[in-house]
Amino acid sequence: MTTDLITAKPTPDLAFISQHLFTAILWVDDMLSITWLNAQAEHLLAISSGRLLNQSVLTLLAPEELKSKNSTATHDDQIEAQTCSLTERFYQAKQYQQPFIDHDHIINTPLNGNLPLSIDYSVTPVTYEQQPYFIIEIWGKDRQSRISEEQRQQQQYGVARHMLRSVAHEIKNPLAGIRGAAQLLQRQFIKFSDTTTFSPQSSDTATPSTSILDHNSNLQKTAIKLRNYTDIIISETDRLTHLIGQFLGSNQLPSWQTLNIHEPLEHVLTLIRHQYPQVTLQRDYDLSLPELCADKDQLIQVFLNLINNACESMTEFEQTLPQNESPQSQDSPSLSSQTDRDGDGGNWAYQPTLHIQTRVAFQHTISGQQHKQVVQVNITDNGSGIDPALIGQIFFPMVTSRATGTGLGLSIVQDIISHHHGMIDVSSTQSHSPNDSFKNNHSNSQTCFTLYLPFTQPLMEA
């Protein structure tokens, strides 16, 4: 009876399990056609199942071989010898029931817009219902590299923040002492100035002599100069104290609340629209996004820093354009909203453009934590771009690519996003001359900051 109960337990649905794996899986028949794939494969390859089903797996792994098979070239033997290696490996794997693995393979297929993707994959021959099949497991090298790079950067940011905060604490206390001493000196100079003003004459004469008046006048001038010096000391210590405060950051934990990501975005865009009326604003929102748990004020600070930096970058870049010649129309046949054609039809006018996009990213890893879904916010501008030498250090304090930047805004952004258990990434193509910006369309925008935020937060804050 016990045996009957044990054997009667339902077996797991393997297709259901496969849909929840982090590994991309393809189920391929004997003719090398894709008959099934899981959700992770769709996400990794950026291709829907509707487009992949019944396609030859060679379309993904060896498109040149597939083209050669379908071609009518005269040198058939030479083509077959050069291009059938992957097909032969499949059939050898089936014949000998021997799996094989390929490392550092580049997928470049029209199915995903020829987006290059570096992967490792394995092929395992199996027999199911007396029919031969292949199980192909795919691991994205780009994803693994991104996770490793993110962990390395997070460690570096943590060390840098710890060092800067330690130094800031050591500087903050002496600054308070300097400011207090300067205030005491200032009070003494005020008393001294009042004394020389109201007691200018000697005790045995009714009228002060010229020499005494001159002496008191010089003392007053000296006291005024010294007071100006103490004013400078006090103002500079206040400035440094404010700077140290930015280094230290806020000790206040996020005030979690449920909100729509578009609320802080629209709040910031309302402010920016009046400050930079010349900037063209493009929204690409996914209005079906669920609400997330976040600190609204801190997200406003994040978006304000990023969007303000983007607008200032475009404004500074626009100011350099009159010093250069505009590119001719024959060099740029069709451009997007980044450029507007002048009335004479011969030149192209630069148009600062800010593009805001919100999406859901699936199966995303942040700081070693795998999330099924996260909010993805892309903030793109067509300014001059970021120097490639700075791109890996742009979130460190005191690092900036702008002449008027302080180098603290992005550091604050990184700190806030870390408190939200998210991550921020940046990609940029620097324009070495104004002409470069005119030749780029919107899909090749100069700088893009990408934020990833989880929908939920841990119950306990560290």
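Relevant structure appears above.
Described below are features of the structure shown in this document. Every value quoted in this text rests on a predicted model; they were computed, and no experiment measured them.

1. A word on the sheet that holds strand S14 (residues 447-454)
Thinking step 1. In spatial order, the strands read S7-S11-S12-S14-S13; together these five strands make up an open sheet with mixed pairing. A strand with exactly one partner marks an edge of an open sheet, and here the two such strands are strand S7 (280-284) and strand S13 (423-428). Between one strand axis and the next, the sheet turns by 25° as a mean value, whatever way the strands run.
Thinking step 2. Two strands pair when backbone bridges link them, and S13 and S14 are joined in this way by six bridges, in the antiparallel orientation.

2. A closer look at the pairing of strand S11 (residues 353-366)
Thinking step 1. Summarising burial for S11: 11 of the 14 residues are buried, a large majority.
Thinking step 2. Looking at chain direction, S7 and S11 are connected through five bridges and run parallel. Bridge pairing in S11 places Leu281 opposite Leu354.
Thinking step 3. The pairing of S11 with strand S12 (residues 369-381) spans 12 bridges and is classified as antiparallel. Each bridged residue has a counterpart across the sheet, and for Val360 the counterpart in S12 is Val375.
Thinking step 4. The turn joining S11 and S12, which pair antiparallel and follow one another in sequence, is formed by two residues; a positive phi near 55° is taken by Ser367.

3. Section: the environment of Ala176
Thinking step 1. Of note, Ala176 is situated in helix H9 (residues 141-198).
Thinking step 2. Spatially, the C-alpha atom of Ala176 lies 9.0 Å from that of Asp238, the residues being 62 residues apart in sequence.

4. Examining a nonpolar patch on the surface
Thinking step 1. Together, Leu14, Phe16, Ile17 and Leu21 make up an exposed nonpolar region whose accessible area comes to about 380 Å².
Thinking step 2. Mapped onto the secondary structure, Ile17 falls in helix H2 (residues 14-19).

5. Overview of the packing of aromatic side chains
Thinking step 1. Counted according to the given criterion, the structure contains six aromatic pairs.
Thinking step 2. Aromatic side chains Phe90 and Phe134 sit 5.1 Å apart centroid to centroid with 90° between the ring planes, which places their arrangement in the edge-to-face category. With Phe90 in helix H8 (residues 85-96) and Phe134 in strand S5 (residues 131-140), this pair connects stretches of sequence that are 44 residues apart. With respect to burial, Phe90 and Phe134 carry one shared label: buried.
Thinking step 3. Taking the centre distance of 6.4 Å and the plane angle of 70° together, the rings of Tyr128 and Tyr133 count as edge-to-face.
Thinking step 4. Looking at Tyr128, the relative accessible area reads 45%, which means it is partly exposed.
Thinking step 5. Every member of this aromatic cluster is reached through a ring pair, and the members are Trp27, Tyr128 and Tyr133.

6. Some thoughts on the sheet that holds strand S2 (residues 34-37)
Thinking step 1. With respect to topology, five strands assemble into an open sheet ordered S2-S1-S5-S4-S3, the strand pairing being antiparallel. Where the open sheet ends on each side, the last strands, each with one partner, are S2 and strand S3 (100-107). Pairs of neighbouring strands in the sheet enclose a mean axial angle of 30°, with direction left out of account.
Thinking step 2. Across three bridges, the pairing between strand S1 (residues 24-29) and S2 is antiparallel. Directly across from Leu26, in S2, lies its bridge partner Leu37.

Criteria and thresholds
Residues numbered from 1 in each chain as written. Predicted model: local features only at pLDDT ≥ 70, side-chain atom pairs only at ≥ 80, totals over all residues. Heavy atoms only, no water. Pairing = 2+ DSSP bridges. Helix = DSSP H or I, 4+ residues; strand = E, 2+ residues; numbered from the N terminus. Axes fitted to C-alpha atoms, helices over the stretch in contact; angles between N-to-C directions. Buried < 20%, exposed > 50% of the residue type's maximum accessible area, 1.4 Å probe, protein only. Patch = residues over 30% accessible without salt bridge, like charges linked within 9 Å, V, L, I, M, F, W, Y side chains within 5 Å. Areas by Shrake-Rupley, 256 points an atom, 1.4 Å probe, with all protein chains shown as cover. Salt bridge = Lys/Arg side-chain N within 4 Å of Asp/Glu carboxyl O. Phe/Tyr/Trp six-rings, centres within 6.5 Å; stacked < 30°, edge-to-face > 60°.

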